[in-house]
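Results of the structural survey
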Amino acid sequence: MKNLEVFINPSTGLKALYIISRSGHRIIDIEKILFCKADRNYTKIISEGQPEIIIPKSLCVLESIIKRIQFFALQLFLSDKLK
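Anyway, here's the lowdown on the structure attached to this text. (Residues numbered from 1 in each chain as written. Predicted model: local features only at pLDDT ≥ 70, side-chain atom pairs only at ≥ 80, totals over all residues. Heavy atoms only, no water.)

Across its full length, the protein chain holds two helices and six strands. Along its sequence from the N terminus, the protein chain presents helices and strands in the succession β-β-β-β-β-β-α-α. Within the protein chain, the fraction of its 83 residues that count as buried is 35%. In the protein chain, the proportion of contacts linking residues at least 24 apart, taken out of those at least 6 apart, comes to 26%. Carbon and sulfur atoms form 55% of the exposed surface of the protein chain, whose accessible area is close to 5600 Å². (Helix = DSSP H or I, 4+ residues; strand = E, 2+ residues; numbered from the N terminus. Buried < 20%, exposed > 50% of the residue type's maximum accessible area, 1.4 Å probe, protein only. Contact = heavy atoms within 4.5 Å. Areas by Shrake-Rupley, 256 points an atom, 1.4 Å probe, with all protein chains shown as cover.)

Here it is in structure tokens:
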């Protein structure tokens, strides 16, 4: 498995991001993502009920991964413009 993968979370049945980082493994249900914020080659993911996570992927890369499951790119774009 790559360090950032989309899958179906078996505990919730929702589409989720599986993130592997130095600090461990994280699962974020995509429906619970409130917004993503670009910071050069990193992206902050802010989701409902979980602490903020920073991943070493650009917002563009994250968007292309999530687009495979029909996530709205507009939400990602607007959150970056609202800072």
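What follows covers the packing of aromatic side chains. If you walk through the whole model with that rule in mind, you get one aromatic pair. Residues F7 and Y18 carry aromatic rings whose centres are separated by 6.0 Å and whose planes lie at 85° to one another, so their mutual orientation is edge-to-face. With F7 in strand β1 (residues 4–8) and Y18 in strand β2 (residues 15–21), this residue pair connects regions lying 11 residues apart in the sequence. The exposure class assigned to Y18 is buried, which follows from its relative accessible area of 17%. (Phe/Tyr/Trp six-rings, centres within 6.5 Å; stacked < 30°, edge-to-face > 60°.)

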